[in-house]
Amino acid sequence: MSASSTAPRHDPAYNFAFLDEQTKRMIRRAILKAIAIPGYQVPFASREMPMPYGWGTGGVQVTAAILGPDDRLKVIDQGADDTTNAVSIREFFRRTAGVETTERTDKATIIQTRHRIPEMALRDDQVLVYQVPIPEPLRFLEPRETETRTMHALKEYGLMHVKLYEDIAMHGHIATTYAYPVKVAGRYITDPSPTPKFDNPKMNRMPALQLFGAGREKRIYAIPPYTDVVSLDFEDHPFTVQKWDQPCDLCGAEDTFLDEMLTDDQGGRLFICSDSDHCNRRQTAGHHGSMTQDAAE
Amino acid sequence: MTGPIKDDALLRASGLAKIYGAQIGCFDVGLELWPGEVLAVVGESGSGKTTLLNCLAGELTPTSGVIEYRRGNGPMRNILEMTEAERRTLQRTEWGIVHQNPADGLRMTVSAGANVGERLMAVGARNYGDIRSTALEWLARVEIDTGRIDCRPETFSGGMRQRLQIARTLVTRPRLVFMDEPTGGLDVSVQARVLDTLRGLVAELGLSVILVTHDLGVARLLADRMVVMKDGQIVEDGLTDQILEDPQHAYSQLLVSAILQA
Ligand SMILES: [Zn+2]
């Protein structure tokens, strides 16, 4: 569960955190450049990792490059610590780096994530590492990379609004709910991929450093602490986040991102926080939802 | 005969050449375009007219020469000495291109409305309702059924695609439009009506146009003045009516006599 004082030492068959020191230095240089140019996609020589692409190899390489022996690592997938992907990445770093791991957001120094930003506000002594499948927000309409690079360089971003226009024309509202494009520090359009737009406001002026690693695409980008992050929209169709008609059935939270869970095959369903640590801690602190109310009474 | 009023040129090319290895695209070309003027560049395929157009439009870098353009009311500036950022800004604000093949100028996978709206959004339009009403207005102007605003150009006929490309290009009211055989890819039956639409808009908006065509009929309908190209060089330059009535160069005479026989 939480951090223990008996963290395993790392398996001596591996260099600390698996990657060799030269590779880590190369990745750190890319990270530094990314921090210096917020939102800009920096190419890096992505390495083969002992896991398939799509399993967070970009995020894993970023984490490996910044991890130190004193770090405490949390890994989440869809907000949960106990999914296969999260468990295997956590296990990978326990074995190759011997670092402590934790499920508690407040105890972690590095949080690697796919899909979600923790509900709890992060601090400036934490780093959030995102696993990114497709780093280029312009690609859906402009597949030529030479062209998208030029568009970034010259701030030609009309195309991003073409996508949002098309959403409204087809659906009556901006239907993009994941990977919703943002402008970082007033300059680069960046893909927060693949987090839900619910989390976009958390990216704005976040005290924690945000690092993004795309393994297959060989790109790293960053949002430094306290950077302005604005979600794109139209004046008459302003950016909004998802809302649910009901609170979390387990902890009663009304301000979190909820996952819908089917409980039986008669259409029974529950809405519960996707951030499992947040939900557990609220329950431990005495908060109840409709399900836990009954049990408590 | 009243040509356009000649004060200061909008665009001037001199000593322009584009050489591809041992092949000459165009050579020693000089021309001027006056504000509000339609200039046709006429010649057969292989005469270098499309190469010339692409150089003038900033799509192709010439081997040598100078292309000056007057941005806003400013001084003439050599576009070849501009940064790529400046040139691309020019291309999406003061300039426009109508390609022969509409697919080259359209985004085939987004709606007609988004195609027209893109240039507006590229220059900062951020009000969906305004963008949409401008798109509707422009579809009507180019005689596309406004009920098709949310359809993709993939579902349009060739003539409609070309009309859509014209709307998409003209919506931001560029000063200078480059047209490459704008009706060249269309069935003869629809060419005349697209040409009519184009002529109406050029007059109404007071556009300056450089038009490349092999079709003297198109030049006669749209152009105030024309240059005749052969083997990469300009062989004759004059008012359209003058050249059509009394061509001086032997090659121009040949072209003119060919359409009279047709
Ligand atoms: Zn909850």
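See the structure above.
This section reports on the structure supplied with the text. (Residues numbered from 1 in each chain as written. Chains lettered and ligands numbered in written order. Predicted model: local features only at pLDDT ≥ 70, side-chain atom pairs only at ≥ 80, totals over all residues. Heavy atoms only, no water.)

Turning our eyes to something else, we now look at the pairing of strand 6 (residues 95-98) of chain B. Residue and element names in this part refer to chain B. Residues W95 and I97 line one face of strand 6 and the alternating positions G96 and V98 line the opposite face, and both faces are buried. Inspection of the sheet shows strand 6 paired to strand 7 (residues 176-180) by 4 bridges, in the parallel sense. Each bridged residue has a counterpart across the sheet, and for I97 the counterpart in strand 7 is F178. (Buried < 20%, exposed > 50% of the residue type's maximum accessible area, 1.4 Å probe, protein only. Helix = DSSP H or I, 4+ residues; strand = E, 2+ residues; numbered from the N terminus. Pairing = 2+ DSSP bridges.)

All names here are of chain B. Both strand 1 (residues 11-20) and strand 2 (residues 23-33) contribute to a ladder of 7 bridges, which runs antiparallel. Paired with A13 across the strands is L31, a residue of strand 2. Turn length for the strand 1-strand 2 hairpin, with the two strands adjacent in sequence and antiparallel, is 2 residues, and the turn residue G21 shows positive phi of about 55°.

Contact with chain A, which involves 21 residues of that partner, is made by 21 residues of chain B. Both sides together, the interface formed by chain A and chain B hides about 1,900 Å², and carbon and sulfur atoms give 58% of it. Here chain A is connected to chain B by 4 salt bridges. In this structure, the salt-bridge partner of R88(B) is E156(A), at a minimum N-O distance of 2.8 Å. Viewed at the interface, chain B and chain A are joined by 12 residue pairs in polar contact (both at pLDDT 80 or more). Looking at the side of chain A that touches chain B, the elements with two or more residues in it are helix 4 (145-153) and helix 5 (158-171) of chain A. Broken down by element, the residue count for the side of chain A that touches chain B peaks at 9 residues, all from helix 5 of chain A. Across the side of chain A that touches chain B, the residue classes tally to 10 nonpolar, 4 polar and 7 charged. (Contact = heavy atoms within 4.5 Å. Buried area = accessible area lost by both parts, 1.4 Å probe. Salt bridge = Lys/Arg side-chain N within 4 Å of Asp/Glu carboxyl O. Polar contact = N/O pair within 3.5 Å; in protein donor to acceptor, adjacent residues only side chain to side chain. Nonpolar A, V, L, I, M, F, W, Y, C, P; charged D, E, K, R; others polar.)

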